[in-house]
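# An overview of the molecular structure
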Amino acid sequence: MNRTARLYALVEELRAAAPRPLTVAALATRFEVSTRTVQRDLQTLMQTGVPVRSIPGRGGGWSIDPQMTLPPIHLTADEASALTAVLAAADASTPYAGAARTAAQKIVASMTGPASAAAQELAARIVTLPTHGDSAIRAAVEQALSNNMVLRLSYTDAAGHESNRVVEPAGLLTADGRWYLVAWCRTRRADRGFRLDRIAAAAPTGEQAQPHNLTELLMGSAAAGAIRPTALASLAPPR
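Calculation criteria
Residues numbered from 1 in each chain as written. Predicted model: local features only at pLDDT ≥ 70, side-chain atom pairs only at ≥ 80, totals over all residues. Heavy atoms only, no water. Helix = DSSP H or I, 4+ residues; strand = E, 2+ residues; numbered from the N terminus. Buried < 20%, exposed > 50% of the residue type's maximum accessible area, 1.4 Å probe, protein only. Contact = heavy atoms within 4.5 Å. Areas by Shrake-Rupley, 256 points an atom, 1.4 Å probe, with all protein chains shown as cover. Pairing = 2+ DSSP bridges. Axes fitted to C-alpha atoms, helices over the stretch in contact; angles between N-to-C directions. Expected span 1.5 Å × (residues − 1). Core = buried A, V, L, I, M, F, W, Y, C linked by side-chain atoms within 4.5 Å.

## Some words on the overall build of the protein chain
Across its full length, the protein chain holds eight helices and seven strands. Scored against the burial criterion, the 239 residues of the protein chain give a buried share of 36%. The long-range fraction of contacts in the protein chain, counting pairs at least 24 apart against all pairs at least 6 apart in sequence, stands at 57%. Roughly 14,200 Å² of accessible area belongs to the protein chain as shown, and the carbon and sulfur atoms make up 54% of that amount.

## A short note on the sheet that holds strand β5 (residues 178–185)
The five strands lie next to each other as β6-β5-β4-β3-β7, forming an open sheet whose pairing is antiparallel. Every other strand in the sheet has two partners, leaving β6 (190–195) and β7 (199–208) as the edge strands with one partner each. Neighbour to neighbour, the strand axes of the sheet diverge by 45° on average, direction disregarded. Sheet analysis places strand β3 (residues 149–156) next to β7, joined by six bridges and oriented antiparallel. Bridge assignment links S154 to a residue of β7, and that residue is A201. Running over the sheet, helix α7 (residues 135–147) touches β3, β4 (162–175), β5 and β7 and is turned about 30° from β7.

## Examining α7
Counted at 1.5 Å a residue, the expected span for α7 with its 13 residues is 18 Å, and the 18 Å between its end C-alpha atoms agrees. Burial in α7 covers these residues: I137, R138, A140, V141, E142 and A144.

## What to know about helix α1 (residues 3–17)
Since the α-helix packs 3.6 residues into each turn, any two residues three or four apart lie on the same face. With 15 residues, α1 ought to run about 21 Å at 1.5 Å a step, and its terminal C-alpha atoms sit 21 Å apart, in line with that. R6, L7, A9, L10, V11, L14, R15 and A17 are the residues of α1 that are buried. Those residues of α1 that are buried are in contact with α2 (24–31), α3 (35–47), β1 (52–55) and β2 (61–64).

## Digging into the nonpolar core
Formed by 18 residues in total, the largest nonpolar core has its most connected members in L14, L27, L42, L45 and V52. When residues of this core are assigned to their parent elements, the largest contribution, six residues, is made by α1. When neighbours within four sequence positions are excluded, V52 is seen to be in contact with L14, L42, L45, M46, W62, S63 and I64. C185, F194, I199 and A202 belong to the second-largest nonpolar core, a separate cluster that totals 16 residues.

Structural data, given as structure tokens:
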């Protein structure tokens, strides 16, 4: 078993035993490697964000939070290739680009033989030109969306006017090659769409945001002149 396969197998072994911890010695025996190798593999999993943890003391060992990981997903070769290609198209300015990149790496690593080679070859044929994007701002927007958190923005509009805003994020919209944060703006007391490349600074406040209907905010922000993509027409409720 190569190391990549063993890392995935370690996660599934810990998941199957959770919440009961497994000792390094037991894992070493299970995978027929040294305890030092298991320790190194577990440290690698921690560094890549897998929620494994060491439980000290008698009866302790290593455990994983099963709610923070996904069970195995069985994909066809075509599905795996398609996902790899789509994830490879995410450039540095795309929201959640870091997670997309590591997900693509995991998909390719889990494949073997001709399927793996085909997925890598397809991904290599997709070129995404770099665009402007601040990683700290993107990370703040991602955190606010994932945790439903109020966000404080410094924003420059199309006319070059700067303003400070406090917003309740509802979702993201991509249109004409641009990314927009769609939110309820407390400062303007209205629906708004904020182009990510015009956000000069962003910081989550730690306050939980009120839930908002994304479709309604999209329609409202378009009507207010913040965003006018023709694709919004399909979101309008039927009459």
